[in-house]
Amino acid sequence: MVSSPTITPNFCDDRRPPACSPQGARTITPVKRLRIGVVGAGTAGAAAAIFLARAGHAVALYERVAAPGPVGAGITLQPTGQAVLARLGLLDAIVARATQIDGLLCRRPDGRAVVDLHYADLDPALRGYGLHRGVLFEALFAAAGAESRIALHCGVAIASTTLADGGA
Ligand SMILES: Cc1cc2nc3c(=O)[nH]c(=O)nc-3n(C[C@H](O)[C@H](O)[C@H](O)COP(=O)(O)OP(=O)(O)OC[C@H]3O[C@@H](n4cnc5c(N)ncnc54)[C@H](O)[C@@H]3O)c2cc1C
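First, a word on scope: everything that follows refers to the structure included in this document. These numbers come from a predicted model, not from an experiment.

Comments concerning the overall build of the protein chain
1) Next: Scanning the protein chain for helices and strands turns up five helices and eight strands.
2) Next: From first element to last, N terminus to C terminus, the protein chain shows the α and β order β-α-β-β-α-α-β-β-β-α-β-α-β.
3) Next: With 168 residues in all, the protein chain has 16% of them scored as buried.
4) Next: Put simply, of all contacts in the protein chain between residues at least 6 apart along the chain, 67% involve residues at least 24 apart.

What to know about the sheet that holds strand 7 (residues 128–132)
1) Next: Reading across the sheet, the three strands line up as 3-7-4 and stay open at both edges, with antiparallel pairing between neighbours. If you trace the sheet from one side to the other, it starts and ends with strand 3 (74–77) and strand 4 (99–101), each paired once. Averaged over neighbouring strand pairs, the angle between their axes works out to 35° when direction is ignored.
2) Next: Bridge analysis of strand 4 against strand 7 gives three bridges, and the strand direction is antiparallel. Looking at strand 7, one finds that Gln100 is bridged to Tyr129.
3) Next: In the packing of helix 5 (residues 133–146) onto the sheet, contacts are made with strand 3 and strand 7, and the angle to strand 7 comes to roughly 85°.

Here we look at the site of the ligand
1) Next: Lining the immediate environment of the ligand, one finds 16 residues, of which Gly40, Gly42, Ala44, Arg64 and Ile75 sit closest.
2) Next: Of all the secondary structure elements, the ones that give two or more residues to the shell around the ligand are helix 1 (43–54), strand 2 (58–63) and strand 3.
3) Next: Broken down by element, the residue count for the shell around the ligand peaks at three residues, all from helix 1.
4) Next: In the shell around the ligand, the residues fall into eight nonpolar, six polar and two charged.

Some remarks on the sheet that holds strand 1 (residues 35–39)
1) Next: The three strands lie next to each other as 1-2-8, forming an open sheet whose pairing is parallel. Looking at which strands have only one partner, the edges of the open sheet turn out to be strand 1 and strand 8 (150–154). When the angles between neighbouring strand axes are averaged without regard to direction, this sheet yields 20°.
2) Next: Taken together, the five bridges between strand 2 and strand 8 define a ladder with parallel strand orientation. The residue bridging Ala60 from the neighbouring strand is Ala151, located in strand 8.

Conventions used here
Residues numbered from 1 in each chain as written. Predicted model: local features only at pLDDT ≥ 70, side-chain atom pairs only at ≥ 80, totals over all residues. Helix = DSSP H or I, 4+ residues; strand = E, 2+ residues; numbered from the N terminus. Buried ≥ 20, exposed ≤ 12 C-beta atoms within 10 Å, placed from the backbone. Contact = placed C-beta atoms within 7 Å. Pairing = 2+ DSSP bridges. Axes fitted to C-alpha atoms, helices over the stretch in contact; angles between N-to-C directions. Near = placed C-beta within 6 Å. Nonpolar A, V, L, I, M, F, W, Y, C, P; charged D, E, K, R; others polar.

If you want it as structure tokens, here you go:
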């Protein structure tokens, strides 16, 4: 049965910019622990929930599908997505189930190239990866489920949200 709970997240009211580490990586130091609701356990929701939980917040992750599974087709994992997964500690396991892409070439029916990208032309360290969307889902969903600060609620469709404690 699908229920529609009301989320009442509250937000940190300290608007100072995050501190930067000596290496330049942004780190977030919450001034207080928050209770945060995240709607949807897809790529974005699961990743956000993990980051928030690891930052110390209590996260309720709501997914309308009762038993989420690895559905979908092939996707390309670009360097920006790779960087996020690396920060989550998930990139190596995902890459092990992916195929490296060195370049992208898209042609029109008349043979003219409309995309001709070679990652190494931009940076020798850059590459893409081709994988089944389910590989990404499985890694993120499992990681979210393993976080003690994430309460996962499947089969719950969120109908509306409200903000609490002066959240904006
Ligand atoms: C055909 C196709 C090909 C693509 N190829 C690529 C590619 O090669 N590379 C790439 O990077 N991206 C690709 N994308 C885009 C990529 O799939 C999306 O950007 C990505 O899935 C978005 O992630 P998301 O978490 O925001 O949304 P989703 O993955 O759609 O997840 C949203 C989740 O929220 C749940 N949900 C929605 N509403 C509610 C609600 N009210 N209450 C509770 N739960 C809710 C849904 O059930 C779902 O599980 C492709 C997309 C399509 C359609």
